[in-house]
Amino acid sequence: DSGVTQTPKHLITATGQRVTLRCSPRSGDLSVYWYQQSLDQGLQFLIQYYNGEERAKGNILERFSAQQFPDLHSELNLSSLELGDSALYFCASSVAWGAHEQFFGPGTRLTVL
Amino acid sequence: GDSVTQMEGPVTLSEEAFLTINCTYTATGYPSLFWYVQYPGEGLQLLLKATKADDKGSNKGFEATYRKETTSFHLEKGSVQVSDSAVYFCALSDGGSSASKIIFGSGTRLSIRP
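Please read all numbers here as calculations on a predicted model, not as lab measurements. (Residues numbered from 1 in each chain as written. Chains lettered and ligands numbered in written order. Predicted model: local features only at pLDDT ≥ 70, side-chain atom pairs only at ≥ 80, totals over all residues. Heavy atoms only, no water.)

1. Some remarks on unusual backbone geometry
- Residues A:Thr7 and A:Pro8 are joined by a peptide bond in cis, for which omega reads -10°.
- Position of A:Pro8 among the secondary structure elements: in the loop between strand E1 (5-7) and strand E2 (10-13).
- With omega at -5°, the peptide bond leading from B:Gly9 into B:Pro10 counts as cis.
- By secondary structure assignment, the location of B:Pro10 is in the loop between strand E1 (3-6) and strand E2 (11-14).
- One non-glycine residue, A:Asn51, adopts positive backbone phi at about 50°.
- For B:Thr71, which is not glycine, the phi dihedral falls at a positive 40°.
- Within the secondary structure layout, B:Thr71 lies in the loop between strand E8 (62-65) and strand E9 (75-77). (Helix = DSSP H or I, 4+ residues; strand = E, 2+ residues; numbered from the N terminus.)

What follows is the structure, encoded as structure tokens:
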């Protein structure tokens, strides 16, 4: 158990819908990262927050957004969902940014029908 | 930009065989290097890491040495077990910037036959 929690574990929805994925980092960790893992794209970094502020952006679509709240939990919002958004979405946390180990949550499996 | 290239899988070995999974990287700075492992149905776990040239990371019988001259970080284990069956990801992190992220390789699926 990494100490990172993600909810829900599974999510099934329809095209055009909007969903919110939630992540609680390990106690004491200030950085939260979001990744998407799909069969064709592999594991891709989406976005990083540190202590409530956006720090780095990767291959995140404009239809996706994220935020980190004062209690340090984070939410990833996916809107106007397409079939190709079906993937595993992982959250990770670390104590700071930089060359620090990231601890991964168990992931949320999103299926768009 | 920075990138990681690792050998394609799947790799299938018999129990107690020697394992090598090749990984090379491209980076402009001085990255930290990692191997993560993903067991079936689970998230990624850090297996080992090295933060500077010639460092050797080791854990659970796995080893990898940070080779700056060959820009490599190959994963090795002397005697694999069935329980090592998983997907292994080589990764780098540019710890020098405030906007750092981990860049992962494509993953190598390892299957160990009893």
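2. Some thoughts on the nonpolar core
- Among the nonpolar cores identified, the biggest contains 26 residues, and B:Trp35, B:Leu47, B:Leu48, B:Phe73, B:Leu75 and B:Tyr88 are the most heavily contacted of them.
- Secondary structure elements with two or more residues in this core: E2, strand E3 (19-21), strand E4 (23-26), strand E5 (32-38), strand E6 (44-50), E8, strand E10 (86-93) and strand E12 (108-113) of chain B.
- Looking at this core element by element, the count peaks at 4 residues for E10(B).
- For B:Phe73, the contacting residues outside a window of four places in its chain are B:Cys23, B:Leu33, B:Phe34, B:Trp35, B:Leu48, B:Lys49, B:Ala50, B:Ala64, B:Thr65, B:Tyr66 and B:Cys90.
- Counting 21 residues, the second largest nonpolar core, distinct from the first, contains A:Leu21, A:Tyr49, A:Phe64 and A:Ala66. (Core = buried A, V, L, I, M, F, W, Y, C linked by side-chain atoms within 4.5 Å. Buried < 20%, exposed > 50% of the residue type's maximum accessible area, 1.4 Å probe, protein only. Contact = heavy atoms within 4.5 Å.)

3. Some details on the layout of surface pockets
- Of the pockets and cavities examined, the largest pocket occupies roughly 850 Å³.
- If you trace the largest pocket, you find 33 residues lining it, with A:Gln37, A:Leu39, B:Gln38, B:Val87 and B:Arg109 closest to the centre.
- Sorting the residues of the lining of the largest pocket by element identifies strand E4 (31-38), strand E5 (42-50) and strand E9 (87-94) of chain A together with E10 and E12 of chain B as the ones contributing at least two each.
- Per-class residue counts for the lining of the largest pocket are 12 nonpolar, 15 polar and 6 charged. (1 Å grid on protein atoms, 1.4 Å probe; cavity = no way out; pocket = protein on both sides within 12 Å on 5 of 7 lines; lining within 4 Å. Points joined across faces, edges and corners; volume = space filled by probe spheres on them. Nonpolar A, V, L, I, M, F, W, Y, C, P; charged D, E, K, R; others polar.)

4. Examining the environment of B:Pro31
All names here are of chain B.
- By secondary structure assignment, the location of Pro31 is in the loop between E4 and E5.
- On the accessibility criterion, Pro31 (2% relative accessible area) is buried.
- It is 20 Å that separates the C-alpha atoms of Pro31 and Glu76, two residues lying 45 residues apart in sequence.
- When residues no more than four places from it in sequence are discounted, the contact partners of Pro31 are Tyr25, Thr51, Tyr66, Leu92 and Ser93.

Everything listed here is a matter of geometry and, on its own, says nothing about what the molecule does.
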